[in-house]
Amino acid sequence: MNTMSIPWPRRHADDLAWHALLDRASALYRPAGRYAWHFARGKLRLDPVFRHLVEAGLVPAGARVLDLGCGQGLLGSLLQAAGPVRYTGVELQARDAGRARVALGTSSGAEIVCGDVRTQAFPVSDTVVLLDVLHYLPPAAQEAVLARACAALAPGGRLLLRVGDAEARRGYAFGRWVDRVVSGLRRGAPPVQGRPVPDWIDRLRALGLQVEARPMSQGTLFANVLLVAQRREGAAA
Ligand SMILES: C[S@@+](CC[C@H](N)C(=O)[O-])C[C@H]1O[C@@H](n2cnc3c(N)ncnc32)[C@H](O)[C@@H]1O
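Procedures and definitions
- Residues numbered from 1 in each chain as written.
- Predicted model: local features only at pLDDT ≥ 70, side-chain atom pairs only at ≥ 80, totals over all residues.
- Heavy atoms only, no water.
- Helix = DSSP H or I, 4+ residues; strand = E, 2+ residues; numbered from the N terminus.
- Expected span 1.5 Å × (residues − 1).
- Buried < 20%, exposed > 50% of the residue type's maximum accessible area, 1.4 Å probe, protein only.
- Arc of directions from axis to C-beta.
- Contact = heavy atoms within 4.5 Å.
- Phe/Tyr/Trp six-rings, centres within 6.5 Å; stacked < 30°, edge-to-face > 60°.
- Axes fitted to C-alpha atoms, helices over the stretch in contact; angles between N-to-C directions.
- Parallel < 35°, antiparallel > 145°, perpendicular 65-115°, else oblique.
- Left-handed = near helix turned anticlockwise from the far one by under 90°.
- Nonpolar A, V, L, I, M, F, W, Y, C, P; charged D, E, K, R; others polar.

### Observations concerning helix H2 (residues 34–46)
Here H2 contains 13 residues, and its C-alpha end-to-end distance of 18 Å stays within 8% of the 18 Å for a straight helix at 1.5 Å per residue. Listed in full, the buried residues belonging to H2 are Ala36, Trp37, Ala40, Arg41 and Leu44. Taken around the axis of H2, the buried residues stretch over an arc of 130°, which confines them to a single face. More than 90 degrees from the buried face of H2, the exposed residues found are Arg34 and Leu46. Close packing links the buried residues of H2 with helix H1 (8–27), helix H3 (48–55), helix H4 (74–82) and helix H5 (94–104).

So, in structure tokens, the structure goes:
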């Protein structure tokens, strides 16, 4: 979205609405501790993907959302701050899954599963989200998870995949470096394998999806791209 083409009063109103939502979403993390709260505020503010998902209406109200590799459930917190949710997050790291559970609660329509996306069953969903996750898996597992994520989409459903573009040298190298540092600090597995964006697009097309690529690292040094994928009209699941 080119924000410069939006008239100033509307941009100002959009900014106010976004910051109010961000405040409500990050406040959900207060019971989960100072780290969780600061992390939520910082990431929701600095990473353009979250605001884009909300403002571009990529996750419709009431949609069944499956967030694979959800971390501490930031997308879930935004959705919950905006209204009732049907959100399932799957996360490998028990500490992150625990923070997500504390923030989102258990009676809210949110469910957080501590599990591995390679083996966890996926519920039928209107929106499946994979933000910065697949590069932690080896290539064959990436393809298997993508195929199962695609199979879990309800008719008309949408798959939202954010990846680093392995062809963009500097931005991609920067992302790898950040991932390694963060994995070391969190004692998680380091990233394994990225791909050039055209390769990700080919994979999604081979699964019968139509794909649109949107640059998604504005204001950062990363080379991230959001792939918005939907099943082609008339294509079988
Ligand atoms: C860079 S973080 C992104 C978190 C979240 N998607 C976000 O955007 O805030 C990647 C997450 O994927 C999780 N992850 C990596 N491999 C996983 C797997 N096999 N199953 C489930 N989660 C996994 C990591 O533990 C980490 O929380």
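Here the narrative resumes.
### Considering the packing of aromatic side chains
One pass over the structure, following the stated rule, counts 3 aromatic pairs. Look at Tyr35 and Phe39: their rings are 5.9 Å apart centre to centre, the planes differ by 20°, and that puts the pair in the stacked class. Of the two residues, Tyr35 and Phe39 both sit in helix H2, 4 residues apart, roughly one turn of that helix. According to the relative accessible area criterion, Tyr35 is partly exposed, its value standing at 47%. Its relative accessible area of 32% is what places Phe39 among the partly exposed residues. Ring centres of Phe174 and Phe222 lie 5.0 Å apart, and the angle between their planes is 55°; on these two criteria the pair is classed as tilted.

### Quick word on the packing of H1 against H3
Closest axis-to-axis distance for the H1/H3 pair is 12 Å, and the angle between their directions is 110°. Judged by the inter-axis angle, H1 sits roughly perpendicular to H3. Considering the relative orientation of H1 and H3, their crossing is right-handed. Mapping the contact onto sequence places Asp14, Asp15, Trp18 and Leu21 in H1 and Phe50, Arg51, Val54 and Glu55 in H3. Across the contact of H1 with H3, the residue classes tally to 4 nonpolar, no polar and 4 charged.

As far as function goes, none of this settles anything; it's purely spatial.
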